[in-house]
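Examining the three-dimensional arrangement
Here is what each chain is made of, one letter per residue.
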Amino acid sequence: MINKIKRFLGSKIHNFVYWHFNYDRVAERKIKKSIDIWHRGKIFKRLRAEMMWYSLEKKYTTSYPPSITIGKNLRIEHCMGTRIGQTAVIGDNVRIYQYVNIIAKVVGDQDKLDKGERRHAKIGNNVILSAGCMIIGPVTIGDNCIIGARALVTHDVPPNSIVIGTNQIKPRTADQVAPKYATRK
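A brief look at the structure comes next. Just so you know, the residues in each chain are numbered from 1, in the order the chain's sequence is written. pLDDT decides what is reported in this predicted model: residues at 70 or higher carry local features, side-chain atom pairs at 80 or more are listed and counted, and totals for whole chains, interfaces and linings draw on all residues regardless. For side-chain calculations, the full set of non-hydrogen atoms in the structure is used, while hydrogens and water are omitted.

Strands pair, by our definition, only if DSSP identifies at least two bridges between them. For the purposes of this entry, the term helix denotes a DSSP run of H or I that reaches at least four residues, the term strand denotes a run of E that reaches at least two, and both are numbered from the N terminus. Strand direction decides the pairing type here: strand 13 (residues 161–164) and strand 14 (residues 168–171), joined by 4 bridges, are antiparallel. The residue bridging Val163 from the neighbouring strand is Ile169, located in strand 14. From the end of strand 13 to the start of strand 14, which pair antiparallel, there are 3 residues, and Gly165 there has a positive phi angle of about 65°.

Here is a general trend for soluble globular proteins: nonpolar side chains tend to be buried in one another's company. Membership of the largest hydrophobic core comes to 32 residues, with the highest contact counts inside it found for Ile96, Ile102, Ile123, Leu129, Ile135 and Ile141. Elements represented by at least two residues in this core include exactly helix 2 (23–40) and helix 3 (43–60). Take this core: its biggest share by element is 4 residues, from helix 2. Setting aside residues no more than four positions away along its own chain, Ile123 makes contact with Val89, Ile90, Gly91, Val94, Ile102, Ile135 and Ile141. Within this scheme, the nonpolar core is defined by two criteria: the residues are buried Ala, Val, Leu, Ile, Met, Phe, Trp, Tyr or Cys, and they are joined through side-chain atoms within 4.5 Å. A simple rule labels every residue: compare its accessible area, found with a 1.4 Å probe on the protein chains alone, to the largest value its type can have, and call it buried under 20%, exposed over 50%, or partly exposed in between. Two residues qualify as a contact provided that any one of their heavy atoms is within 4.5 Å of a heavy atom in the partner residue.

This paragraph deals with the sheet that holds strand 13. On the basis of which strands lie adjacent, the open sheet formed by 6 strands has the order 2-5-8-11-13-14 and mixed pairing. Where the open sheet ends on each side, the last strands, each with one partner, are strand 2 (75–76) and strand 14.

The phi torsion at Thr61 lies on the positive side, around 45°, for a residue other than glycine. Mapped onto the secondary structure, Thr61 falls in the loop between helix 3 and strand 1 (69–70). By relative accessible area, which is 39% here, Thr61 ends up partly exposed.

Turning our attention to the pattern of salt bridges. Side chains that carry opposite charge are capable of pairing whenever their charged atoms lie near each other. By convention in these notes, a salt bridge is any Lys or Arg side-chain nitrogen within 4 Å of a carboxyl oxygen on Asp or Glu. Within this structure, the stated rule accounts for 5 salt bridges. Arg75 is the partner of Glu28 in a salt bridge, and the nearest nitrogen-oxygen pair spans 3.8 Å. Of this pair, Glu28 sits in helix 2 while Arg75 sits in strand 2; the two residues are 47 residues apart in sequence, bridging distant segments of the chain. Taken as a pair, Glu28 and Arg75 share a single burial class, namely buried. For the salt bridge of Arg75 with Glu77, the shortest nitrogen-to-oxygen distance reads 3.5 Å. Across the pair, Glu77 and Arg75 agree in class, each one buried. Taken together, the shared-partner salt bridges in this structure form one network comprising Glu28, Lys32, Arg75, Glu77 and Arg95.

Moving on, we get to the packing of aromatic side chains. Centres within 6.5 Å are what make two rings of Phe, Tyr or Trp a pair, Trp counting through its six-membered ring; a difference in plane orientation under 30 degrees is then read as stacked, over 60 as edge-to-face, and the rest as tilted. Within this structure, the stated rule accounts for 0 aromatic pairs. Over the face of the ring belonging to Trp38 we find Arg46, whose NZ or CZ atom lies 4.5 Å from the ring centre. Should the NZ of a Lys or the CZ of an Arg lie within 6 Å of a ring centre and within 35 degrees of the ring normal, that charge is described as sitting over the ring.

Another point: the sheet that holds strand 12 (residues 152–153). Within the open sheet, the 4 strands sit side by side as 3-6-9-12. Their pairing is parallel. Among the strands making up the open sheet, the edge pair consists of strand 3 (83–84) and strand 12. Note: strand 3 against strand 6 (residues 101–103), 2 bridges, orientation parallel. The partner of Arg83 across the bridge, within strand 6, is Asn101.

Shown next as structure tokens:
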């Protein structure tokens, strides 16, 4: 009887610790919360979001500014070392792995930012950004694309494509389907 209770409690405690204190999931939740607070509006909420962003940047060595626009079900698998620019737009069901960089072509180009123009990439729906990929400039990544590990993207990518290496864009065949992942709340 006591062994059954220990096993039962052990499994419950393991599940609680895994789902509530998992390092990557905590960072993902905090990043999404700071972005949500920023987009709600007023000056004090934006200041709070900036403070959250600063603490996340120090703790997780990542930069997801709260001013980016994200879609539903963004998954940040390993947030370490990831850098995303202020004007980036990320679609629904996007997975981002570690060391992904979405950066501007010209650093310090405040004229475009002041005019409200996009300086960073627009990522479509159902896209996978693999580890170490770099997307430079205001390019558009189409829906259902896979950006390979350590890929460099400086041109627009059509929908249903795979990018490997430096701008090597290949159309996906029917058997190269992106895996379906469970959605989270």
